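Chains, contacts and geometry: an overview
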Amino acid sequence: MTDDTTKTTHPVLIFWVIAGWVGFCLLPWYMVDGGLWSFEWLLDGYPFDEDYAPAAFLIGQGEKLWLAPLLIALLLPLSVLRRAKSDPLYARILILSGALGFGWLIAQGFSIGIRGYNFDWLESVFGELGDRQFGMGYGAMICASSFLFLLTQGVAARGAINGDVFVVSAIGGVITIVTAFVFFPIAKMLFAAFVTEDGAYSIAVFFSKFFDDRLWGLGCFWGARCGAAWNSLFLAILVGFITTALGLCFALVVTRSGFRYKRALRALTVLPIITPPFVIGLALILLFGLSGSVTQFFAELFGTQPTRWLYGMPGVLIAQTLAFTPIAFLVLIGVVEGVSPSMEEAAQTLRANRWQTFKTVSLPLMRPGLANAFLLGFIESMADFGNPLVLGGNFDVLSTEIFFAIVGAQYDQGRAAVLAMVLLFFTLSAFYAQRAWLGKKSYTTVTGKGDAGVHPLMPTGLSIPVLTVALGWAVFTIVVYAMIVYGSVVELWGVNNSLTFKHYVTAFSVRIEAEGIRWTGAAWDSFWTTITIAAIAAPLTAAVGLVTAYLLTRQSFAGKDAFEFGTMLSFAIPGTVIGVSYILAFNVPPIEITGTGVILVVSFIFRNMPVGVRAGIASMSQLDRSLDESSLTLGANSWQTFRRIILPLLRPAILAALVYSFVRAMTAISAVIFLVSAEYDMATSYIIGRVENNDYGLAIAYSTTLIFVMLSVVALMQLIVGRTKIGRRMTQSRTNV
């Protein structure tokens, strides 16, 4: 590190000390009415009203005296502001202050709730409290952040990770938020697997649900129905392989071919992830259902009876392949572009032909991307319940079984928790299988040396089948989306095919009056709410994901495997379970955000963060560590190296994280159903409401509008982020390759 340990000015420390005092003395300690985004409290009794008062004012009025010990934790750091980092007392005081403050906040937050003491033994020891507290507000959260980063600075000062404050703080911050918003709610949900009807805990209850024949039934080997677990596993493996292969085909066409319409093809690959899954399912039914246009055409052509072949595994497989191929493409495009052209040119210089170069150099260096693409496709298939719900028929999978266990008449949280555990086991098995396949080999191709090469084109023997597959799938995707657009401009889909724009008028009508523009359409409220929530969640998701990927690929620290496991956990659990677990965890103090927009933002961040993590890991695996070392040698610290060296080389990964997190926030269904409120209604919940009322035209019109809006946003993001250019020669020089 370049910081002089004898310095006695600590700007980062001073910042967090000031932040802690501001949170304690100036900002409302508890959550105000209207949530974090409401500022009406400034004009409503602040700072003396108990509902809006900072902690210091509460204590001064003799209220909430259990907050008083935090003053000790806030005062302690003041004693080391002029001490050198090398002074042992500097680290000890900061660790003591951070641990005391953060630990006390957690202890009092979980011990005292909206009805007083949360545990009977506390009341028996201290007597009846006669008071209560609500969820954390601005003041408590900023104060907690202050204590956390005081603790990490103390740990860094003791020499952890070479005393790197940025890295230690990043690790501490990610561990804290993942624990709070992933481990804690999921643990609360999974404990339900051991709860009996009378509220006690029993392992026997767990095993009775775990060995249920509907879960593990092997009847499919004798022609009967198979258990949901085996159905899910087989389907996920197929989806993982097919989406990875298709994603690679699209990535090669875009980066390694002379195909003229690359931009159009690239835009087309994004379409399925900006569409609510059930809309794709409805389009497939219109095409291939019992009365579908394609089914009827072939039935008349061959004189056969139409069948319901679409419902079951074939339909779910097609729908999931359509929906999740873009994820594989977004991960692989950065990896394919990131292979150093000089290595491929070196192989050709040694008289290798294009096929040998691709087989022995290019493809092996793409293994991190292939492994991550398969893993994401596998996990997405496991966690998806929208497509199986629409097209599954009698093909039971874990996600739909969890859904019906929670929202069905049985309302069996224990069964849902057991099913979630099985699903988690499968996804974690895929995760460790991926790590074993990659091994400890190096996939570094980008170093600090200049690289003026240009990627060679695909060999002819490969380009023909790749182009055929990519273009064939692209045509199929176009047909599916043509049916979606068609369904939005007909009177009644499948019944009355008269063309009309009434669905768009009903949803998005606008009236210009003397007072200004009035958004009179029925869908505007949910539309603006969805745009706002997604715009807030997307950059936060990308930031957390890429910082996490940086820590996993560029740093070594104790508990690294557990750290990576935690970042993938939320992605492995179905959104339905995430939604219910968030309600159980965050409906009461200390984090009381149910019914607010914050819970939607938080759920999107931690549900979609793994895509940013995997895309970042795949891209950073190709960046030589000498880049970091050179930057540090030249006097930059880790934060400057990350910001100025690493991030500019991660533009494909940044774009993948931004695009995916934004569109998933716009089209998420499973968790949103449980987390929306009257004030914060999301587009997908509104669309589902229309579908439940059989208003398919308006639902599809709304979905079509979302598709065009998100296409525009994706194009804008790509323009802003740009793309990584490793070679320097003009593309015209490809003719010489």
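Criteria and cut-off values
Position numbers for residues start from 1 in each chain and track the written sequence from start to end. The predicted nature of this model means local features are confined to residues of pLDDT at least 70 and side-chain atom pairs, given and counted, to a pLDDT of 80 or more, with totals for whole chains, interfaces and linings taken over all residues. Excluded from the side-chain calculations are hydrogens and water; all other atoms, namely the structure's heavy atoms, are used. Secondary structure elements are defined from DSSP: runs of H or I of at least 4 residues count as helices, runs of E of at least 2 residues count as strands, and each element is numbered from the N terminus. Here, two residues are considered to be in contact whenever any of their heavy atoms come within 4.5 Å of each other. Computed with a 1.4 Å probe, the accessible areas rest on the Shrake-Rupley method; for each residue, only the protein chains presented here act as cover. To define a nonpolar core, start from buried Ala, Val, Leu, Ile, Met, Phe, Trp, Tyr and Cys residues and group those joined through side-chain atoms within 4.5 Å. Exposure is judged per residue with a 1.4 Å probe applied to protein chains only, and the accessible area is read against the type maximum: over 50% gives exposed, under 20% gives buried, and values in between give partly exposed.

Once that is clear, we can look at the overall build of the protein chain. Along the backbone of the protein chain there are 32 helices and six strands. When contacts within the protein chain are restricted to residue pairs at least 6 apart in sequence, long-range pairs at least 24 apart make up 75% of them. With an accessible surface of roughly 32,100 Å², the protein chain has 64% of that area assigned to carbon and sulfur atoms.

The residue Phe102 is located in helix α4 (residues 88-111) in this model. For the pair Phe102 and Ser145, spaced 43 residues apart in sequence, the C-alpha separation works out to 8.4 Å. Apart from the residues within four sequence positions on either side, Phe102 is in contact with Ala144, Phe147, Leu148 and Thr176.

Turning our attention to the environment of Met710. Locating Met710 in the fold gives a position in helix α32 (residues 696-721). For Met710 and Ile273, which are 437 residues apart along the polypeptide, the C-alpha to C-alpha distance reads 9.8 Å. Apart from residues lying up to four places away in sequence, Met710 is in contact with Ile274, Phe662, Val663, Met666 and Thr667.

Turning to the nonpolar core, a few remarks are in order. Leu284 and Leu551 are the most contacted members of the largest nonpolar core, which totals 184 residues. Ranked by residue count, the leading element in this core is helix α14 (residues 313-338), at 16 residues. By size, the runner-up hydrophobic cluster in this structure holds 30 residues, among which are Leu58, Leu67, Tyr90 and Leu94.

What follows concerns unusual backbone geometry. Following Pro589, the chain continues into Pro590 via a peptide bond in cis, with omega recorded as 10°. Position of Pro590 relative to the elements: it lies in the loop between α25 (575-586) and α26 (597-620). A positive phi is found at Lys64, a non-glycine position, where the angle reads about 50°. Unusually for a residue other than glycine, Asn162 sits at a positive phi of about 60°. Assignment of secondary structure puts Asn162 in the loop between α6 (138-157) and α7 (165-190). The exposure class of Asn162 is exposed, given its relative accessible area of 70%.

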